Amino acid sequence: MICPKCKKVMEKVKVKIQDANSPVTSYQCGKCGYFDFEEKSIKKAINEIREKETLLRIKQKIVKLSHNRLGMYFNRDVARCLGLNSGREIYVSVPDKHHILVDIGK
Ligand SMILES: [Zn+2]
């Protein structure tokens with residue numbers, strides 16, 4: 001797998017996603033930081049997550065931000081549940097047309 005941004009060979013890394021039994025194969029570029037999941041393994045992980053009981057499910061609206069960007073809040077319960085704070089770096093992936101996967105790391 002070659003990095004689409006800088007054409008460097010990316011490192012193949014198995015990552016453990018919370019609530020998924022199988023590790024997910026990801027590709028990481030050591031040069032520019034590009035990160036992507038292998039489609040097959042992320043789909044498997046999502047199916048495993050779906051099978052388990054959802055810890056927290058909250059209906060929210062997308063909000064409009066400046067410069068035609070859209071945003072979503074993490075409400076207090078979600079932030080507390082996950083220990084999120086401002087400035088935290090997260091990975092956002094789009095595994096299919098119905099999901100946004102936010103990997104908050106450890
Ligand atoms: Zn790269």
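What you are looking at is a predicted structure, and each value in this text was computed from that prediction instead of being measured.

With that settled, the discussion passes to the nonpolar core. Grouped together as the largest cluster of nonpolar side chains are five residues: Ala-20, Val-24, Phe-37, Ile-42 and Ala-45. Every residue in contact with Ala-45, bar those within four places of it in the chain, is listed here: Ile-17, Ala-20, Ser-22 and Val-24.

A few words now on the environment of Asp-36. Relative to the helices and strands, Asp-36 resides in strand β3 (residues 35–37). Judged by the 17 C-beta atoms lying within 10 Å of it, Asp-36 is partly exposed. For Asp-36 and Tyr-91, which are 55 residues apart along the polypeptide, the C-alpha to C-alpha distance reads 9.5 Å. Not counting chain neighbours up to four residues away, the residues in contact with Asp-36 comprise Ser-26 and Tyr-27.

Here we come to the sheet that holds β3. Pairing in this open sheet of three strands is antiparallel, and the strands run β1-β2-β3 from one edge to the other. On the outer flanks of this sheet lie β1 (11–15) and β3, each paired with one strand and no other. Across the sheet, the axes of successive neighbouring strands diverge by a mean angle of 30°, strand direction being ignored. The sheet contact formed by β1 and strand β2 (residues 24–28) spans five bridges and is antiparallel. Paired with Lys-12 across the two strands is Tyr-27, which belongs to β2. The strands touched by helix α1 (residues 39–51) within the sheet are β2 and β3, with β2 carrying the most contacts at an inclination of about 140°.

What counts and what doesn't
- Residues numbered from 1 in each chain as written.
- Predicted model: local features only at pLDDT ≥ 70, side-chain atom pairs only at ≥ 80, totals over all residues.
- Core = buried A, V, L, I, M, F, W, Y, C linked by C-beta atoms within 7 Å.
- Buried ≥ 20, exposed ≤ 12 C-beta atoms within 10 Å, placed from the backbone.
- Contact = placed C-beta atoms within 7 Å.
- Helix = DSSP H or I, 4+ residues; strand = E, 2+ residues; numbered from the N terminus.
- Pairing = 2+ DSSP bridges.
- Axes fitted to C-alpha atoms, helices over the stretch in contact; angles between N-to-C directions.

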